[in-house]
Amino acid sequence: MASPTLAYLWNGWGLVALGGALTAVPIVIHLLNRRRVRVVPWAAMTFLRAALKRNQRRLQLENWLVLALRVLAVALLGLALARPVVTDSALAGLAGQRRSLYLLLDTSASVGARREARSVLDALKAEAAQALEALDGQDTFCVVLTNDPRVDAASGRAPAVLVPRTSGSTALSKAKESVAALATREAPAAWADAWALLAQQFANEDAGRQVVVVTDLTARDHVLGAARDRTGEALRALVRRGARITYVDVGGAADSRHNLAVSAVELRGDRPAFPGRGLSLGVRVANHGPDEVRGALVTVIVEDERGEAWRKRRVAPPLPAVDPLTGAPGVAVVDVDAPAGTFRAPGAFHVRASIDPPATQPGADALALDSTRWAALDVRDRVRVLAWTRASQGARQVPLSLLRPIFDPVPQEGTTGASPAPPAFEFSHADSESTFAARLAASTGRPDLVVLANTAPRTASTMAALRQHVLDGGGLLAFMGDAIDPAMWKEPPGMAEEAAGPLLPVALEPASVPARNAGDPAPYRLDLATPSDEPWARAFSGPEVALWLGRFPPDVLGRLALAEPAAPQASGPRAARVVLRWVEGRGPAMVEGRLGLGRTLWVGTSADEGWLRLGVPFFLPVFLDEAAFHLVQGESTPRSLLVGDALEAVLPRGAEGERLEGPGGRDASLRLLSAETAAARRRVACEVTGTVGAWRLTSRVDGSRTATAWHAVNVDPDEGSLLRADPQAVVASAGPEAPVEVVTSLRAMATTTQEVREGELARVLLAIVLGLLLAESLLAHLLGRRARAAEGGPGSAA
């Protein structure tokens, strides 16, 4: 261990020099008292000289001891005036050190909860002020926050230094003002990063590092799951650097931590919303409190750019209490059906769902932030489908006769007093390649989904237009047919070498068309026992479909074989996924691929009577309906985010003048992302989504039309868990006998700090000086009496 060093004020060395000079005063006085005398022999002094000679050595030692005490008292007095400070942290407890306080404040979303008559944040600021009040201008201190407070410049997920390590009365006053103005962020606490940032503020000249952590001490942040290991390691690292750590728990009693939250708003099914059609919503609510809650009210509001379009309030099912061991909340789902009249026109909507405590339990919800949740919703006009088909070999029925009833059905009469629902599809058919290419390249009215049956582009320009359609986010459903030359799907040189990869993700093998003898079973059967786990693939596994397929399994008479997809490569395009296979090891029957922003689905047969049995089209309609909605989703970016997530969006084709408005109409900065593919649509991003609510992204399309998209930013559902952490578990995580404690107030610690100024030796030195002076006076008195007694002895004897 390194020996201690002494740090002085700027004039300390001068005061030490002055003290050293003053130590010579007792020596000078001692020397002046040694007067020269003339020796006169006298017979009567013989006995006295003998007595003095016997006591001469003892008297010299006593005089030197008194002189040493006087010199030491003067030297220590000068040293005390220099106000030295011990800087070796190993000697922290010997004399009481000047304070080096590191204050870590929890400003996460959960601190916004109410605690009896005030919020937890109010209690946190009061304790922080108490810690700062215990300091004076000679103490060093630092204030670190778990969440960056700059709303417009930071997402709130990262920690920040509110006050860098400093000292002085002016800095202390400004720190108190900054703490008093603190507000919570709508994000979880970044504890691991906060500990690391705090350690970076440590300095070698610290005098007794005291770390004070003011937090609501939730179990999720400190002792549950991975938080336990991260917290324990951070504490042990700080202890190794000589820090004493004090947790101040301002969360209140465990039985007062009640909270109701909306954890999710789900759209039932994967179908988009259309004008004039109803929509089913599922609102997942949670109870984080220790008591069951009955009669909570859930309100669902659908809004567009003009304001509220529809509202519904329902009573939630009974919500069980939180699990005290795991912290898992009690959960229930409230189903709400928005009527058909809610969405009168296509456009951008958002859903706002909130929960309120029942009148009989008004204190069941202490945290209002997570009581509301948003979800983005797009209502599209129709799905535009463009088909280009040709009959397969020997087919008795053309594919168009099977596609039209699905995508362009005859309107059905509605019930009495009700109009029929508007169609979801807008169907058109191209009878030639030129017509097909013209529709793909049109400036307006481009298709969302392209369906090819037993046909393929023959020219490079048509192939390029089809490729661009998929790159920009369009869907492609290709029935390969049994009369297509595989070479027709071969893309021109250079086109498939782009970063996005080839349009066709697998190789093609020659067509196979067995003879169709009456009464013989069809040679190709789909393997329905192991369908894909993709959500949209329930066309092969749904209960209604399974019932039909059990009675009438789909047999295919002809096919164009699809090769097995290549193994995925780390730097190449995404590998194709096999959705369905043929039985008896005949290879893939359906393969899904991606290209740019779009999706493709390749079927190794044609849309003809091979999908039928007994003339009943039972399988193809279900499959086409599910596949169409899946393919038109494209490679969309997430529209529901957590606070702090980067918001990314794909703008419409030809859009410009994009603008992002956060909650309250505040503009947010957007950054243009580099294009990963040759798609004509631009990507933009915003890294600072530090506020909960609905974010509105607008852009101009075709120079005049305004396109709007909503993005929902919500608080982390786990942040609503106010389950209290066991203080003993927090202390134990730092290791045995570590200087870590958990208290509920700093008042007692502040009183102790006011009585003893840690770090400064001046008071200790002054106390030692006073003790030396008293000891010197008492010793001089005792030695003087002994000397007089010794002198009187020989005289009496004579």
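Asker: Explain the packing of helix 5 (residues 120-133) against helix 6 (residues 169-180) to me, using residue names and the numbers behind them.
Answerer: At a closest axis distance of 9 Å, the pairing of helix 5 and helix 6 adopts a crossing angle of 175 degrees. Comparing the axis directions of helix 5 and helix 6 gives the class roughly antiparallel. Listed contacts from helix 6 to Lys-125, Ala-128, Leu-132 and Glu-133 of helix 5 are Leu-172, Ala-175, Lys-176, Val-179 and Ala-180. Within the contact of helix 5 with helix 6, the residues separate by chemical class into 6 nonpolar, no polar and 3 charged.

Asker: Give me helix 11 (residues 433-441): which residues, what numbers.
Answerer: Looking only at helix 11, the buried set comprises Glu-433, Phe-436, Ala-437 and Leu-440. Buried residues in helix 11, looked at end-on, bunch into an arc of 95 degrees, giving them a common side. Of the surrounding elements, those touching the buried residues of helix 11 are strand 17 (383-389), strand 19 (449-453) and helix 12 (460-471).

Asker: Can you tell me about the pattern of salt bridges, naming the residues and giving the values?
Answerer: Using the criterion set out here, one finds 35 salt bridges in the structure. Glu-592 is the partner of Arg-594 in a salt bridge, and the nearest nitrogen-oxygen pair spans 3.7 Å. For Arg-594, a relative accessible area of 21% gives the class partly exposed. Linked by salt bridges that have partners in common, Arg-220, Asp-221, Asp-716, Asp-718 and Glu-719 make up one network.

Asker: Tell me what's going on with the side chain of Thr-691, and back it up with residues and numbers.
Answerer: Within the fold, Thr-691 resides in the loop between strand 33 (683-686) and strand 34 (693-701). Residue Thr-691 is classed as buried on the basis of its relative accessible area, which comes to 14%. A polar atom in the side chain of Thr-691 sits 3.2 Å from the side chain of Arg-666. Leaving out residues up to four positions away in the same chain, Thr-691 has contacts with Val-151, Glu-186, Val-643, Pro-663, Arg-666 and Val-713.

Asker: Give me the lowdown on the pairing of strand 35 (residues 705-714), citing residues and values where you can.
Answerer: Most of strand 35 sits inside the fold, with 8 of its 10 residues counted as buried. The pairing of strand 28 (residues 640-642) with strand 35 spans 3 bridges and is parallel. Bridge assignment links Leu-642 to a residue of strand 35, and that residue is Asn-714. Alignment of strand 34 against strand 35, held across 9 bridges, turns out to be antiparallel. Bridge pairing in strand 35 links Thr-698 to Thr-708. The turn joining strand 34 and strand 35, which pair antiparallel and follow one another in sequence, is formed by 3 residues; a positive phi near 60 degrees is taken by Asp-702.

Conventions used here
Residues numbered from 1 in each chain as written. Predicted model: local features only at pLDDT ≥ 70, side-chain atom pairs only at ≥ 80, totals over all residues. Heavy atoms only, no water. Axes fitted to C-alpha atoms, helices over the stretch in contact; angles between N-to-C directions. Helix = DSSP H or I, 4+ residues; strand = E, 2+ residues; numbered from the N terminus. Parallel < 35°, antiparallel > 145°, perpendicular 65-115°, else oblique. Contact = heavy atoms within 4.5 Å. Nonpolar A, V, L, I, M, F, W, Y, C, P; charged D, E, K, R; others polar. Buried < 20%, exposed > 50% of the residue type's maximum accessible area, 1.4 Å probe, protein only. Arc of directions from axis to C-beta. Salt bridge = Lys/Arg side-chain N within 4 Å of Asp/Glu carboxyl O. Polar contact = N/O pair within 3.5 Å; in protein donor to acceptor, adjacent residues only side chain to side chain. Pairing = 2+ DSSP bridges.

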